[in-house]
Amino acid sequence: MVVDRRQVSRERRASGRIKAVFAVRKTVGTRVQLGQAEDIGPTGMTVRRPKDGALPANTPVSLTFELPGTAEPIAADGVVVNDVRAGTFRRTGVRFIGLRPEHQRLIASYCRRAG
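Remember, predicted model here, so these are calculated numbers, not experimental data. (Residues numbered from 1 in each chain as written. Predicted model: local features only at pLDDT ≥ 70, side-chain atom pairs only at ≥ 80, totals over all residues. Heavy atoms only, no water.)

**Student:** Run through the pairing of strand S6 (residues 74-86), naming residues and quoting values.
**Tutor:** As judged from the six bridges shared by strand S5 (residues 60-65) and S6, these two strands associate in the antiparallel manner. Bridge pairing in S6 links Thr64 to Ala75. The hairpin turn running from S6 into strand S7 (residues 89-99), its antiparallel successor, is two residues long, and Gly87 in that turn takes a positive phi close to 70°. (Pairing = 2+ DSSP bridges. Helix = DSSP H or I, 4+ residues; strand = E, 2+ residues; numbered from the N terminus.)

**Student:** Give a detailed account of the pattern of salt bridges, specifying residues and quantitative values.
**Tutor:** Within this structure, the stated rule accounts for seven salt bridges. We note a salt bridge from Arg91 to Glu38, for which the minimum N-O separation is 2.5 Å. Remark: Glu38 occurs in strand S3 (residues 31-41) and Arg91 occurs in strand S7; sequence separation between them is 53 residues. The partly exposed category is assigned to Glu38, whose relative accessible area is 21%. Between Asp52 and Arg49 there is a salt bridge whose closest N-O contact spans 3.0 Å. When salt bridges that share partners are traced, they join Arg31, Arg49, Asp52, Asp83 and Arg90 into one network. (Salt bridge = Lys/Arg side-chain N within 4 Å of Asp/Glu carboxyl O. Buried < 20%, exposed > 50% of the residue type's maximum accessible area, 1.4 Å probe, protein only.)

**Student:** Summarise helix H2 (residues 101-114); cite the residues concerned and give the values.
**Tutor:** Relative to the 20 Å expected for 14 residues at 1.5 Å per residue, H2 spans 20 Å between its end C-alpha atoms, a close match to the ideal helical length. Residues of H2 that are buried include every one of His103, Ile107, Ala108, Tyr110 and Cys111, and no others. Take H2 and look down its axis: the buried residues cluster within an arc of 160°, on one side only. Looking at H2, the residues exposed on the side facing more than 90 degrees away from the buried face are Arg105, Arg112 and Arg113. Its buried side turned inward, H2 meets strand S1 (18-19), S3, S5, S6 and S7. (Expected span 1.5 Å × (residues − 1). Arc of directions from axis to C-beta. Contact = heavy atoms within 4.5 Å.)

Everything listed here is a matter of coordinates, which is why it stays silent on function.
Here it is in structure tokens:
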């Protein structure tokens, strides 16, 4: 089977994501930046952020956010999967690598309800 690498990362993704809009605080090293989620799934999310510079693949990031309709702050460690320019912003795909089990369940439940 031949994989077309030109496919959008969303199409190559193994698990589905749902559209979502909520604030995300992203930390890379000591730098903190606010962004906005575009989608989320059990294994990761896409964050829309200011276009202040590209993040290479595999860059470790820490994310903090609350899902719409919840008051539970979620802390997730992840790595950058892709980072592309999107107009006056950047779209950064993040794969979760560290989530507490209760946060994994909260995200999965949110995705089932919203999807």
